[in-house]
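Examination of the molecular architecture
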Amino acid sequence: MITLASDFPSPYPAAMRGVICSRTDARIEDVAHDFPRQDVRAAAFWLREVLPYFPPATHCVVVDPGVGTDRAAIVVEAGDHQIVAPDNGVAVPVARELAGESDFAVWDVDYSDDETASNTFHGRDVFAPAAADVHDADSIGEIDRCTRTDECVDLRFPDPEVGESSARGEVLVVDGFGNVVTNVPGDVVADRETVRVGGESVPVRNAYAALDVGDRLVTVGSHGNVEFAVNQGRGDDAFGLGVGDDVLIEW
Amino acid sequence: MITLASDFPSPYPAAMRGVICSRTDARIEDVAHDFPRQDVRAAAFWLREVLPYFPPATHCVVVDPGVGTDRAAIVVEAGDHQIVAPDNGVAVPVARELAGESDFAVWDVDYSDDETASNTFHGRDVFAPAAADVHDADSIGEIDRCTRTDECVDLRFPDPEVGESSARGEVLVVDGFGNVVTNVPGDVVADRETVRVGGESVPVRNAYAALDVGDRLVTVGSHGNVEFAVNQGRGDDAFGLGVGDDVLIEW
Amino acid sequence: MITLASDFPSPYPAAMRGVICSRTDARIEDVAHDFPRQDVRAAAFWLREVLPYFPPATHCVVVDPGVGTDRAAIVVEAGDHQIVAPDNGVAVPVARELAGESDFAVWDVDYSDDETASNTFHGRDVFAPAAADVHDADSIGEIDRCTRTDECVDLRFPDPEVGESSARGEVLVVDGFGNVVTNVPGDVVADRETVRVGGESVPVRNAYAALDVGDRLVTVGSHGNVEFAVNQGRGDDAFGLGVGDDVLIEW
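Definitions and cut-offs
Residues numbered from 1 in each chain as written. Chains lettered and ligands numbered in written order. Predicted model: local features only at pLDDT ≥ 70, side-chain atom pairs only at ≥ 80, totals over all residues. Heavy atoms only, no water. Pairing = 2+ DSSP bridges. Helix = DSSP H or I, 4+ residues; strand = E, 2+ residues; numbered from the N terminus. Axes fitted to C-alpha atoms, helices over the stretch in contact; angles between N-to-C directions. Salt bridge = Lys/Arg side-chain N within 4 Å of Asp/Glu carboxyl O. Buried < 20%, exposed > 50% of the residue type's maximum accessible area, 1.4 Å probe, protein only. Domains from an automatic or database assignment. Contact = heavy atoms within 4.5 Å. Buried area = accessible area lost by both parts, 1.4 Å probe. Polar contact = N/O pair within 3.5 Å; in protein donor to acceptor, adjacent residues only side chain to side chain. Parallel < 35°, antiparallel > 145°, perpendicular 65-115°, else oblique. Left-handed = near helix turned anticlockwise from the far one by under 90°. Nonpolar A, V, L, I, M, F, W, Y, C, P; charged D, E, K, R; others polar. Least-squares fit on C-alpha atoms with pLDDT ≥ 70 in both. Phe/Tyr/Trp six-rings, centres within 6.5 Å; stacked < 30°, edge-to-face > 60°. Lys NZ or Arg CZ within 6 Å of the ring centre and 35° of its normal. Disulfide = S-S within 2.5 Å.

1. Brief notes about the sheet that holds strand β6 (residues 105–109) of chain B
All names here are of chain B. Read across the open sheet, the seven strands follow the order β2-β1-β3-β5-β4-β6-β7; overall the sheet is mixed. Pairing within the sheet leaves two strands with one partner each, and these edge strands are β2 (28–32) and β7 (146–149). Put simply, the sheet's adjacent strands are angled 25° from each other on average, direction ignored. Sheet topology note: the strand β1 (residues 2–6)/β2 ladder contains four bridges and is parallel.

Listed below in structure tokens is the structure:
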């Protein structure tokens, strides 16, 4: 199985699908093609949350603001999964999740011998053929275009500061519902009735529908982190928070 | 085959795909993931219109404003189809369409023994594994987590009032083109040249392009109901109508 | 393999998927369902750019402003590919790309004997069943509903005028990134440092990230044509250009 994830508007993902189908009979499943445009950190977060639910697969990931520059293309082998991606950190958090802190291996991928490759669409001309080749190979080491390396660009999410009566963290992503996902671990709020956010008391609930429509709440999201939400509404608007904003939770 | 339908922004549907692929080799086909957010009635309408075109399949449906509350999860068996869904009525109109007024069977689904299940994402933690289990089982009755029940939340679309010279109905949904779909049966207008809508005469045509670009028309939609539309434009804007609005058609 | 391309909001493509799955076990891959609404020329452009990357397949294309009128439905056979589409020109540029200037064959498709077919949703009632039938047939000629014809509606993209010190062309499409795709061949700008667009000097670069975020550039897009873009921004806004606008590039 090959999964596809990108920030590409259609029909660009279809060109990748076509290239893959021309090279392999592997089943293709989409992860997402509407990751926030060229936001490597947001994509890294979502991949870490979603890819571990898949069975062993080759994941083709293209969120690539540096396309056409000298940034490398890599394959990260993590457990039984392989992630083909630009070397910008996007694949590292999920590799750690799948394989442990450093138990993953990295290969450089070089398709520069392909004279038909464009400068602006490596998703179609580099990552898609690489994913097909990696999927069909018995091992990455046997692929001529792949070379083992010890280095890749790292990406770590910021650590929250959890104290006796408060936690300071950051908004990692806002999902399509408008839920504000922080880096603060859920157990900080899990057993409380209310916490203060921005100085105001907000109820902690484990279901959106535990409150009236339009009410604000703090909850533990499906990723295990503290999330600010509104029952049938948008948490980002109601809390006035966006990606990268600092958050202070007090109790 | 397993179909997926939800109101989930990506990449949430991908987590469901991953869970399903981890449990079964079943082919997965998407129905939609952009049903109007938490609008059970709209989802019920579209499922009734679309699912009968599929061959026998397990349909995993998650439009679930009550996630995390005590609403049940159910499987509805209707003919050769099974629909896994929250017990909020969303699966009932299509079950009636597939199996007749009452010739469908309902099971409660209980995954509360799964300690890793979240409170906020039953699509991933309850409905996806249940759909995989239902798909692969020889019969629903053999699944330990499924218990036959006689009750489920019902959902019926309102009946129109069709008289000698007029029909009163309601807007059921507005599609992505802006076409306004009512509950008035198409044969009310099918043989007429014009009808009056909101007191104004509007032509009845069986093709959008039978009129000039931008012209309003009444037509019989692909679902068999009266629809208000604009050739290459949006009927909802042109007629000033939205979901739930009353409509009066006179002739 | 059957590919699907349309300008249909969901869940309409799912009804097509269901019909196809009811008739054939063929694998289905999506090309796009968000082509600019009823814009035959834009769809024709994208199909020409994307479909050749697929292995031999039956492509079901529905961008069909004339649905319900007397426009024909056709199958175009181009090399090992078949394209099922309304006869409005949408399939012709890709057929030329796949098979050469005139080395493709056209059949009329007639499903008017199907009394259940709607007037407004031929995607579901004509093109989907036709695609399934074409896919499963040993040859198109053996399908009773297909009749060889010598005529179909043509569609050609305008030719640019390339002179000694300037090129005049037209905007063919704007992609989802906001990149402005022209009909001017890329080799006109490929070896230059800058060109003038609308009288202003703009750098020519082969990677968006070769400039600062927000800077305008001219590049050769993945389709081989001149493209106006902004690094991590929208070229259409920054250049004030939309589909059909004339462009003048000077050097």
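From this point, the discussion proceeds with the structure in view.
2. Topic: the pattern of salt bridges
A full pass over the atoms with the stated rule returns 48 salt bridges over all chains. Where R96(A) meets D154(A), a salt bridge forms, and the shortest distance between an N and an O atom there is 3.0 Å. Residue R96(A) is found in helix α3 (residues 92–99), and its partner D154(A) is found in the loop between β7 (146–149) and β8 (161–162); the two are separated by 58 residues along the sequence. A salt bridge links R216(B) to E200(B); its shortest N-O distance comes to 3.5 Å. A residue pair is termed long-range when its members are at least 10 positions apart, and R216(B) in strand β13 (residues 216–220) and E200(B) in strand β12 (residues 200–203) qualify at 16 residues. Residue classification places R216(B) among the partly exposed residues on the basis of a relative accessible area of 24%.

3. Here's the deal with the domain arrangement of chain A
Often, the extent of an interface is quoted as the loss of accessible area upon association of its parts. Residues and elements named next belong to chain A. Here the domain parsing of chain A yields domain 1 (2–149) and domain 2 (161–250). On a C-alpha basis, the centroid separation for the pair domain 1 and domain 2 is 32 Å. Counting from both sides, the interface comprises five residues of domain 1 and, opposite them, 10 residues of domain 2. Summed over both partners, the interface of domain 1 with domain 2 buries about 610 Å², with 62% contributed by carbon and sulfur atoms. Its largest share of buried area at the contact with domain 2, domain 1 owes to R41, F45 and W46, together 72% of the area lost on that side.

4. Describing the side chain of H223(C)
Residues and elements named next belong to chain C. With respect to the helices and strands, H223 occurs in the loop between β13 (216–220) and β14 (225–230). A polar contact is formed between the side chain of H223 and the side chain of E227, at a distance of 2.8 Å. In this structure, H223 is in contact with F45, E49 and V181, ignoring residues within four places of it in sequence.

5. Points about the packing of helix α2 (residues 40–50) of chain A against α3(A)
Residue and element names in this part refer to chain A. Two numbers describe how α2 lies on α3: the axes approach to 7 Å, and their chain directions differ by 20°. Accordingly, the angle class assigned to the pair α2 and α3 is roughly parallel. In this structure, the crossing between α2 and α3 has a hand that is right-handed. On α3, the residues touching A44, L47 and R48 of α2 are P93, V94 and E97. Each residue belonging to the contact of α2 with α3 can be placed in one class, and the counts come to four nonpolar, no polar and two charged.

6. Quick word on the relation of the copies chain B and chain A
Overlay of chain B on chain A (RMSD 0.0 Å): rotation 120°, translation along the axis 0.0 Å. Here the symmetry operator amounts to a three-fold rotation axis. Within chain B, R27(B) has its C-alpha nearest the rotation axis, a separation of 5.4 Å. An asymmetric contact is evident, with only 3% of the interface residues of chain B recurring at the interface of chain A.

7. Some thoughts on the interface of chain C and chain A
Contact with chain C, which involves 25 residues of that partner, is made by 29 residues of chain A. For the pair chain C and chain A, the summed buried surface comes to about 2,300 Å²; carbon and sulfur atoms form 58% of the total. When residues of chain C are sorted by the area they lose upon contact with chain A, Y53(C), F177(C) and S222(C) head the list and together hold 28% of the total. Run the count over chain C and chain A and you get one salt bridge. Between R17(A) and E29(C) there is a salt bridge, with the nearest N and O atoms lying 3.7 Å from each other. Counting across the interface, chain C meets chain A through 10 residue pairs in polar contact (both at pLDDT 80 or more). Where the side of chain C that touches chain A is concerned, the elements lending two or more residues are β2 (28–32), α2 (40–50) and β13 of chain C. Considering each element in turn, the side of chain C that touches chain A owes the most residues, four residues, to β2(C).

8. Concerning the interface of chain B and chain A
Taken together, the 29 residues of chain B in the interface contact 25 residues of chain A. Summed over both partners, the interface of chain B with chain A buries about 2,200 Å², with 58% contributed by carbon and sulfur atoms. Contact with chain A buries surface across chain B, with P11(B), Y12(B) and T120(B) losing the most and accounting together for 25% of the total. At the boundary of chain B with chain A, the tally comes to one salt bridge. Per-element accounting of the side of chain B that touches chain A gives the leading share, eight residues, to helix α1 (residues 12–23) of chain B. Classifying every residue of the side of chain B that touches chain A gives 13 nonpolar, 10 polar and six charged.

9. Here's the deal with the packing of aromatic side chains
Enumeration over the complete set of coordinates arrives at 24 aromatic pairs over all chains. Between F177(A) and F8(B) the ring centres are 6.2 Å apart and the planes differ by 85°, which places this aromatic pair in the edge-to-face class. Separated into two different chains, F177(A) in the loop between β9 (166–174) and β10 (180–185) and F8(B) in the loop between β1 and α1 make up a pair that spans both. For the ring pair F177(A) and Y12(B), a centre distance of 6.1 Å and an interplane angle of 25° mean the geometry is stacked. Of this pair, F177(A) sits in the loop between β9 and β10 while Y12(B) sits in helix α1, on two different chains. Y12(B) sits in the buried class, given a relative accessible area of 9%. Aromatic rings pair up to connect F8(A), Y12(A), F121(A), F45(C), W46(C), F157(C) and F177(C) into one cluster. Above the face of the F239(A) ring, R216(A) is positioned so that its terminal group lies 4.3 Å from the ring centre. The ring of W107(C) carries R148(C) above its face, with NZ or CZ at 5.2 Å from the centroid.

10. Overview of the sheet that holds strand β3 (residues 58–62) of chain C
Residues and elements named next belong to chain C. The strand order across the open sheet formed by seven strands is β2-β1-β3-β5-β4-β6-β7, and the pairing between neighbours is mixed. Among the strands making up the open sheet, the edge pair consists of β2 and β7 (146–149). The mean inter-strand angle of the sheet, taken between neighbouring strand axes irrespective of direction, is 25°. As paired strands, strand β6 (residues 105–109) and β7 are joined by four bridges and run antiparallel to one another. Looking at the pairing, W107 lines up with R148 of β7.

11. Quick look at the state of the cysteines
Taken as a whole, this structure holds zero disulfides over all chains when the rule is applied. With no disulfide of its own, C146(A) lies closest to C60(A) among cysteine sulfurs, the gap being 13 Å. With no disulfide of its own, C60(B) has C21(B) as its nearest cysteine by sulfur position, at a separation of 12 Å.

12. Observations concerning unusual backbone geometry
Residue and element names in this part refer to chain B. For the bond running from S10 to P11, omega is 10°, close enough to zero to count as cis. For P11, the location among the structural elements is in the loop between β1 and α1. The phi torsion at Q38 lies on the positive side, around 60°, for a residue other than glycine. Counting through the fold element by element, Q38 comes out in the loop between β2 and α2 (40–50).

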